[in-house]
Amino acid sequence: MIDCISETNLASVLCVSNRTVESWINTKKIKVSLKKDNKNYFQLKELDIPEIKQMISSKWNSEKNIKPDRVYKSIELFAGAGGLALGLEKAGFSPVLLNEFDKYACETLRKNRPNLNVVEDDVHNIDFNCYKGEVDFLSGGFPCQAFSYAGNQKGFEDTRGTLFFEFARAIKEIQPKVFLGENVKGLLTHDNGNTFKIISKVLMN
């Protein structure tokens, strides 16, 4: 089944809904190659979709064997229960700080990774200047419900939306080599694109 992809996974890879994939099947835009346990599967090589072609032609097998020449340090904000942190750990990053406000999420982080530096606090209260120039990678899944199609789309009028500015502050104080901010469907088009313009301007300054 390595050369196949399920309907659900295809939707996830393309960031579309399962219903959209179903419509492609009904309009014969894509063809089901295998049906097993009432689930649809597609032959990867038969899908004329740029993202899938890029995935097939990737050099993942050789790239995953590359070993880092040193330990790369990371900080994660709005860490939740550690889903992204786990992925970064597998990618070879060594977290020096994980920040999360929710106490239950912090309990989960400490239970699963007792050696991690979990800072349970409001991000507004954290001074990141001591990490300036010491961290390679900063990630932050700043609450995205304010911009998402799934939310009320109040953007910066929603207090959750303003937490983006704390992420931007952390970038300026830490000055990491790379940073990653979580995106959601709706962020690019929210308020006719003005929200993303503000985000871009803040990050570029």
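Remember, predicted model here, so these are calculated numbers, not experimental data.

### A short note on the confidence of the model for the protein chain
Considering every residue of the protein chain, the mean pLDDT works out to 84; 86% of them sit at 70 or more. In the model of the protein chain, helix α8 (residues 194-204) stands out as the element of lowest mean pLDDT, 78, in contrast to strand β6 (residues 118-120), which has the highest, 96. When the criterion is pLDDT under 50, residues 145-161 qualifies, and its contacts beyond four places in sequence or with other chains add up to 39 contacts.

### With respect to the side chain of E100
Position of E100 relative to the elements: it lies in strand β5 (residues 93-100). Summary of buried charges: E100 has no salt-bridge partner, and the nearest side chain of opposite charge, R110, is 11 Å away. Within the structure, E100 has its side chain in polar contact with the backbone nitrogen of G80 (distance 2.7 Å). Sequence-distant contacts of E100, that is, excluding residues within four places in its chain, are made with F78, A79, G80, A105, C106, L109, V119, E120 and D121.

### Examining the packing of helix α7 (residues 164-174) against α8
Across the interface, α7 lies against α8 with an axial gap of 10 Å and an inter-helix angle of 20 degrees. If you check the angle between α7 and α8, you find them roughly parallel. By crossing handedness, the relation of α7 to α8 is classed as right-handed. Within the contact between the two elements, α7 uses F164, F165, A168, I171 and K172 and α8 uses I198, I199, V202 and L203.

### Some points on the side chain of D136
With respect to the helices and strands, D136 occurs in the loop between β6 and β7 (137-140). A polar side-chain atom of D136 sits 2.7 Å from a polar atom in the side chain of R70. Setting aside chain neighbours within four positions, we find D136 in contact with R70, V71, Y72, K73, P176, K177 and V178.

### Let's talk about the packing of aromatic side chains
As enumerated under the stated definition, the model contains four aromatic pairs in all. Judged by centre distance (6.4 Å) and plane angle (65 degrees), the ring pair of Y72 and F93 falls under edge-to-face. Of this pair, Y72 sits in strand β4 (residues 72-77) while F93 is found in strand β5, placing the two residues 21 residues apart along the sequence. With a relative accessible area of 21%, F93 lands in the partly exposed category.

### Things to note about α7
The buried fraction of α7 is high, at eight of eleven residues. Taken from the residues just after α7, Q175 is the one with a positive phi, measuring 55 degrees.

### Quick look at the sheet that holds β4
Read from one edge to the other, the open sheet built from five strands follows the order β6-β5-β4-β7-β8, with strand pairing classed as parallel. In the strand order of this sheet, the two ends are held by β6 and β8 (178-181), each with one partner. Between one strand axis and the next, the sheet turns through 15 degrees on average, direction left out of account. Two strands pair when backbone bridges link them, and β4 and β5 are joined in this way by five bridges, in the parallel orientation. Looking at β5, one finds that E76 is bridged to L98.

What counts, and at which threshold
Residues numbered from 1 in each chain as written. Predicted model: local features only at pLDDT ≥ 70, side-chain atom pairs only at ≥ 80, totals over all residues. Heavy atoms only, no water. pLDDT = per-residue confidence, 0-100. Helix = DSSP H or I, 4+ residues; strand = E, 2+ residues; numbered from the N terminus. Contact = heavy atoms within 4.5 Å. Buried < 20%, exposed > 50% of the residue type's maximum accessible area, 1.4 Å probe, protein only. Lys, Arg positive; Asp, Glu negative; His and termini not counted. Salt bridge = Lys/Arg side-chain N within 4 Å of Asp/Glu carboxyl O. Polar contact = N/O pair within 3.5 Å; in protein donor to acceptor, adjacent residues only side chain to side chain. Axes fitted to C-alpha atoms, helices over the stretch in contact; angles between N-to-C directions. Parallel < 35°, antiparallel > 145°, perpendicular 65-115°, else oblique. Left-handed = near helix turned anticlockwise from the far one by under 90°. Phe/Tyr/Trp six-rings, centres within 6.5 Å; stacked < 30°, edge-to-face > 60°. Pairing = 2+ DSSP bridges.

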